[in-house]
Amino acid sequence: MSQHTEIERKYDVDGGAGLVIGHITGPDAPVVADEPRTWRLVADYVDTPALTLAAHGITLRRREGGQDEGWHLKLPAAKSARREVRGPLGAGVHHVPARLARLIAAHVRGQELVPVATVEPDRTTCRLRDRDGRVVAELADDRVVGRRLGGEAPSSESWHEVEIELVEGTPDLLDALEPALHAAGAVPAAGPSKLHRVLGDDLARPPRRAARTAGEVVTDYLERQRDQLLTYDPLVRLADHDDDSVHKMRVAVRRVRSLLRTHARLLDPAPTRALDAELKWLADKLGDVRDLEVLNARFDRGLTGEPAPGSTPGWPRELAARERKARQALKRTLSTPRYFALLAALDAFIADPPFTGRAGKKARRQSARLVARSWCKALDKYAHAERLPDGEERDRALHSTRKAAKRARYTAEAAAPALGKPAAKLAARAEDLQETLGRHQDAVVARQRLMEIAAEPDLSTADAFTLGLLLGAERRAAAEAVRDLRPARRHAAKSAVHLRAMKA
């Protein structure tokens, strides 16, 4: 299996004539096109009958022809970028490679995978090179016939499109090439992929209307976070280093848990507690990896350029090994029946929330109260922490303040579609306070870990010297975060004006 990040742009071309591009200028210098090559490709796309993968922006296909024939799984990774994982061609379209199937297990959950579309492009490709001869991008000119398989109304259509995919070039190359494409008659593609074009109305969702009740605020936000959790699930399964996927998946879980707590008055406590307990279990498993990612990254930065005598200390390697072990344990967790049961329980909770009567009240009034309450709790906790002297008790109080600021932020984020700019501004100010408090907490945790290492027996002189340097850096980082807290808090306090606007 191989994988890479795909960064490309797609364009539609009208008419039957081929795309003719004259002089092409990159961001720094002219780009030269190689001689074109022509391919005949046949791609069979596989999904559940309900098109679960496509609905989440995932494509799974088996393609014959071309230089990269085989199975291709494409996962959303970032704006205009997808992570592509490839496997061998295998026996046929009904034999999905096991590793690819494991990556999408959280989406499929036992459903049958069947062919849903066939796409046959006649492709002409040319490589684009910079003045040093590097292949910076590849241009593909496709005449496409696509057929919808199964469904209520099997159909077919044909169209002409162009793709430009980065190879060794940088994203600004795509911006630089766009004027030449427009001049040649290309316009931005109507859809994100060939599959989406073939499936068409089968993927259409009714437009999301603004939440009118407090309960709708809850379900809308929970649905968005559930989708985020599922988006990062396969990326976590793929990751062998800190690529931010564990962090993003953990944040989605935290947002769900936070909303269940801040909106507890709208929900029946028994099923809510049961779901929260399982979410905590998952958050802890993600935290085992994320906490080590943060520590290792901090210590790697701290060790770079330090004038430590002797050989490289051994304890960073031990911490890195612990992170690798935790990552493997997390991947096993994501294949357990308990994890899939949690996903099913979250789906059921969103589909039929156990609301109390309060959930039917108007969103503007009820959600504004919840936002105001969570925000006031965060400010009260900060005031308490500020009165304490330096030390462990104050560190704990500031950490508690951070968690309260995070809940205030998530509550405002959830309410923003219903309450508009006041809630959005409050969420941004809560995020600023949370991040400043997070810098302090990260330094405190790192300092504690360094002191634990320093207390180990048989510590070498070189290791003790290095630990002393790092401890000093973490103490300074914590002090700097504390100095930044007051400005962040003053900025956050201005949100009182917006709270009054929301209550009106």
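Residues numbered from 1 in each chain as written. Predicted model: local features only at pLDDT ≥ 70, side-chain atom pairs only at ≥ 80, totals over all residues. Heavy atoms only, no water.

Q: Can you walk me through the packing of helix H6 (residues 214-238) against helix H7 (residues 245-262) in this structure?
A: The geometry of a pair of packed helices is captured by two quantities: the angle between their axes and the separation between those axes. At a minimum axis separation of 8 Å, H6 and H7 run at an interaxial angle of 155°. Classified by the angle their axes make, H6 and H7 are roughly antiparallel. As for the relative orientation of H6 and H7, their crossing is left-handed in sense. The segment H6 lies against H7, with Val218, Tyr221, Leu222, Gln225, Gln228, Leu229, Tyr232, Asp233, Leu235 and Val236 engaging Ser245, Val246, Lys248, Met249, Ala252, Val253, Arg255, Val256, Leu259 and Leu260. Among the residues forming the contact of H6 with H7, the class breakdown is 14 nonpolar, three polar and three charged. (Axes fitted to C-alpha atoms, helices over the stretch in contact; angles between N-to-C directions. Helix = DSSP H or I, 4+ residues; strand = E, 2+ residues; numbered from the N terminus. Parallel < 35°, antiparallel > 145°, perpendicular 65-115°, else oblique. Left-handed = near helix turned anticlockwise from the far one by under 90°. Contact = heavy atoms within 4.5 Å. Nonpolar A, V, L, I, M, F, W, Y, C, P; charged D, E, K, R; others polar.)

Q: Explanation requested: the side chain of Gln441 in the structure shown.
A: Within the element layout of this structure, Gln441 appears in helix H13 (residues 421-454). Setting aside its immediate chain neighbours within four residues, Gln441 contacts Asp395, His399 and Arg402.

Q: What's the story with unusual backbone geometry in this structure? I'm lost.
A: Leaving glycine out, the prevailing phi sign among residues is negative, and the prevailing peptide bond configuration is trans. The phi torsion at Arg109 lies on the positive side, around 50°, for a residue other than glycine. Take Arg109: it is sitting in the loop between helix H3 (105-108) and strand S8 (114-129). Given the relative accessible area of 30%, Arg109 is considered partly exposed. At Asp244, a position not held by glycine, the phi torsion is positive, near 80°. As for its placement among the helices and strands, Asp244 is situated in the loop between H6 and H7. (Buried < 20%, exposed > 50% of the residue type's maximum accessible area, 1.4 Å probe, protein only.)

Q: So what exactly am I meant to see when it comes to helix H10 (residues 337-351) here?
A: Residues separated by three or four positions in an α-helix point in the same direction, a consequence of the helix having 3.6 residues per turn. Here H10 is 15 residues long and its end C-alpha atoms lie 21 Å apart, about the 21 Å a rise of 1.5 Å per residue gives. What H10 keeps buried is the set Tyr339, Leu342, Leu343, Leu346, Phe349 and Ile350. For H10, the angular spread of the buried residues around the axis is 125°, confining them to a single face. Exposed residues pointing more than 90 degrees away from the buried face of H10 are listed as Pro337 and Ala351. Residues of H10 that are buried make contact with H3, H6, H7, helix H8 (269-303) and helix H9 (315-333). (Expected span 1.5 Å × (residues − 1). Arc of directions from axis to C-beta.)

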